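Structure at a glance
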Amino acid sequence: MDQVTFVPLSWLELSGRPTNGRSWLLLHPVPGKLYQVLASTNLTNWFNLGPVTSTNTIIPFQDTTATSRSRFYRLHE
């Protein structure tokens, strides 16, 4: 093979079960980018949990408003 390019991706990982209205996330960002962590209870309406400036390490992030049974997360550049 010749001319192979690797494009890094970012992702979120839940770190255990939500407890007392709090969820811990592990962010695996592309270094040097600014992200917004978004949450939703229905995959239609999303709200901002806060900004994250990425580094070259995994970043822990705590959602202190995780009170519903269904909770979805995503990173937005």
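Going by the structure above, here's the rest.
Below, the structure is looked at part by part. Small disclaimer: the values here were computed from a predicted structure and weren't measured. (Residues numbered from 1 in each chain as written. Predicted model: local features only at pLDDT ≥ 70, side-chain atom pairs only at ≥ 80, totals over all residues. Heavy atoms only, no water.)

**Concerning the side chain of Ser-54**
Examined against the element boundaries, Ser-54 turns out to sit in the loop between strand 4 (46–53) and strand 5 (59–63). One polar contact links the side chain of Ser-54 to the main-chain carbonyl oxygen of Val-30, over a distance of 2.7 Å. In this structure the side chain of Ser-54 is engaged in a polar contact, spanning 3.1 Å, whose partner is the backbone nitrogen of Gly-32. Beyond its immediate stretch of four places on either side in the chain, Ser-54 contacts Pro-29, Val-30, Pro-31, Gly-32, Lys-33, Tyr-35 and Ile-59. (Helix = DSSP H or I, 4+ residues; strand = E, 2+ residues; numbered from the N terminus. Polar contact = N/O pair within 3.5 Å; in protein donor to acceptor, adjacent residues only side chain to side chain. Contact = heavy atoms within 4.5 Å.)

**Points about the sheet that holds strand 2 (residues 23–28)**
On the basis of which strands lie adjacent, the open sheet formed by three strands has the order 1-2-5 and antiparallel pairing. Lying at the two open borders of the sheet, with one neighbouring strand each, are strand 1 (11–14) and strand 5. Going from strand to strand, the sheet's axes swing by 30° on average, the running direction of each strand aside. (Pairing = 2+ DSSP bridges. Axes fitted to C-alpha atoms, helices over the stretch in contact; angles between N-to-C directions.)

**Here we look at the sheet that holds strand 3 (residues 34–40)**
Pairing is antiparallel across the open sheet formed by three strands, whose spatial order is 4-3-6. In this open sheet, the two edge strands, each paired with only one partner strand, are strand 4 and strand 6 (72–76). Averaged over all pairs of adjacent strands, the angle between their axes in this sheet comes to 25°, without regard to strand direction. Two elements, strand 3 and strand 4, share seven bridges in a ladder whose sense is antiparallel. Each bridged residue has a counterpart across the sheet, and for Ala-39 the counterpart in strand 4 is Phe-47.

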